[in-house]
Amino acid sequence: MGREWGLALGGGGVYGFAHLGVLEVLEKAGLKPTHVSGTSAGSIVAGLYCSGISLTRIGQFGAEALAFEVARKGELKSLDLLSGLLPGTMLEKAMDVLLKGRLVRDVSPELYIEAVDVNSGRLVIFAPQEPAARASQGKTVYETGAKISAAIRASISIPGLFQPKRLGDMQLVDGGVLDMVPVQSLVNAGVRPIVAVDLGGYAEKPAEPRNAFSLIWRCFSIQARELTSVTLASRADVVITPVVEDMDIFDFDKIKECVRRGGEAAREKLPEIAFALTSPRVPHGNS
């Protein structure tokens, strides 16, 4: 339609494959975002998609990388929480090869990836440029010269699973620590409308963690859920919510089902997205 609009891809472990179903439906409908943001699992899809990697290849890479990283350390449920954290080094190198060393500022659609610096507690946004004026001035750090692979490595660093990504004097972890759906980076960039893909609804439903990492992830998600809900309600124009709460965050055999459900959820929202893209552009309020 030729109008600027943003797509925010949220975190969710294996649920992140639902983003592929969402993008497939959007592509078939002729809807391509001009700006894409990602956090955690969403950062992988966002980074590869904006770099021109096909959806099929993104799915293959995600499954292969996940299987390889897990195989290096054994079954997730048996990892020692103190000494067995996944380093993520090989995953970062594999992404860098696939992406041919591209920087965040090198790609189109414009790419934004969110992480959190555990040393300062500040949101870190990997972006093509720093906005001239933005909300929450002073509370956000912008990195504009980083490789996409490094940004993704930072954003997927789930506390208790991956070691933090060191960048300068920062130790970066999963952006979901502050917000599970990276809408804020698009708001700061002045993008409107914003379509968000929220994979975190499971945190609102009763569930019994299956292993240590399910427990970590559930605590992590519950903590971030309230802020995420407020952000989505006030900042997103359309929210796509794939139904994934009946699956575990580490159900690696449910990848195809996650893709299917993402597509199903996106298809239901196409009328809302079309309406948002044809409505008058009204700026979001300041945060």
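Residues numbered from 1 in each chain as written. Predicted model: local features only at pLDDT ≥ 70, side-chain atom pairs only at ≥ 80, totals over all residues. Heavy atoms only, no water.

Caption draft 1: Fine view of the pattern of salt bridges. The tally for this structure, following the rule as stated, stands at 8 salt bridges. Here D237 makes a salt bridge to R192, at a shortest N to O gap of 2.5 Å. Of this pair, D237 sits in the loop between α7 (212–235) and β9 (238–240) while R192 sits in the loop between α6 (184–188) and β8 (194–197), and the two are 45 residues apart along the sequence. The class of D237 is partly exposed, set by a relative accessible area of 27%. For R192, a relative accessible area of 16% corresponds to the buried category. With a shortest N-O distance of 2.8 Å, R260 and E257 are connected by a salt bridge. Note that R260 and E257 are positioned in helix α8 (residues 255–278) at a spacing of 3 residues, about one turn of the helix. Ionic contacts of the salt-bridge type, sharing partners, join the residues E257, R260, R261 and E264 into one network. (Salt bridge = Lys/Arg side-chain N within 4 Å of Asp/Glu carboxyl O. Helix = DSSP H or I, 4+ residues; strand = E, 2+ residues; numbered from the N terminus. Buried < 20%, exposed > 50% of the residue type's maximum accessible area, 1.4 Å probe, protein only.)

Caption draft 2: Geometry of unusual backbone geometry. Going from S108 to P109, the amide bond is cis rather than trans, its omega being 5°. The topology assignment puts P109 in the loop between α4 (89–98) and β3 (110–117). Residue R192 is joined to P193 through a cis peptide bond whose omega torsion reads 0°. By the secondary structure assignment, P193 is in the loop between α6 and β8. Unlike most non-glycine residues, S40 shows phi in positive territory, near 55°. Taking relative accessible area as the criterion, S40 reaches 3% and is therefore assigned buried. Although it is not a glycine, K100 adopts a positive phi angle of roughly 55°. Looking at the element boundaries, K100 is found in the loop between α4 and β3.

Caption draft 3: Focus on α8. Here α8 spans 34 Å end to end across 24 residues, near enough to the 34 Å set by a 1.5 Å rise per residue. Along α8, the sharpest kink reaches roughly 50°, centred on K269 and followed within four residues by the proline P271. (Expected span 1.5 Å × (residues − 1). Bend = angle between axes of the 7 residues up to and from the residue.)

Caption draft 4: Structural view of the pairing of strand β7 (residues 170–174). Among the 5 residues that make up β7, 4 are buried, leaving the element largely enclosed by the rest of the structure. Taken together, the 3 bridges between β3 and β7 define a ladder with antiparallel strand orientation. Bridge pairing in β7 links V116 to V173. Pairing between strand β6 (residues 165–167) and β7: 3 bridges, direction antiparallel. Bridge pairing links K165 to L172 in β7. Connecting the antiparallel pair β6 and β7 is a turn made up of 2 residues, with G168 showing a positive phi of about 60°. (Pairing = 2+ DSSP bridges.)

Caption draft 5: Spatial organisation of the confidence of the model for the protein chain. Per-residue pLDDT for the protein chain has a mean of 84; in total, 78% of the residues score no lower than 70. Highest mean pLDDT in the protein chain belongs to strand β1 (residues 6–9) (98); lowest belongs to helix α3 (residues 55–73) (72). (pLDDT = per-residue confidence, 0-100.)

Caption draft 6: Structural context of the nonpolar core. Counting residues in each nonpolar core, the largest one holds 61 residues, and the members touching the most others are L48 and F126. Per element, the largest residue contribution to this core is 7 residues, and it comes from α8. In terms of nonpolar packing, the next biggest core, distinct from the first, is built from 15 residues, A8, I125, V187 and I194 among them. (Core = buried A, V, L, I, M, F, W, Y, C linked by side-chain atoms within 4.5 Å.)

Caption draft 7: Region of the structure containing the environment of R225. Counting through the fold element by element, R225 comes out in helix α7. A relative accessible area of 11% means that R225 is categorised as buried. Sequence separation between R225 and V177 is 48 residues, and the spatial gap between their C-alpha atoms is 9.7 Å.

Caption draft 8: Spotlight on the packing of helix α2 (residues 41–50) against helix α5 (residues 148–155). Running from N to C, α2 and α5 point in directions that differ by 165°, and their axes come no closer than 9 Å. Between α2 and α5, the interaxial angle falls into the category roughly antiparallel. Crossing of α2 over α5 shows right-handed handedness. In contact with S43, I44, G47 and L48 of α2, α5 contributes I148, I152 and S155. (Axes fitted to C-alpha atoms, helices over the stretch in contact; angles between N-to-C directions. Parallel < 35°, antiparallel > 145°, perpendicular 65-115°, else oblique. Left-handed = near helix turned anticlockwise from the far one by under 90°. Contact = heavy atoms within 4.5 Å.)

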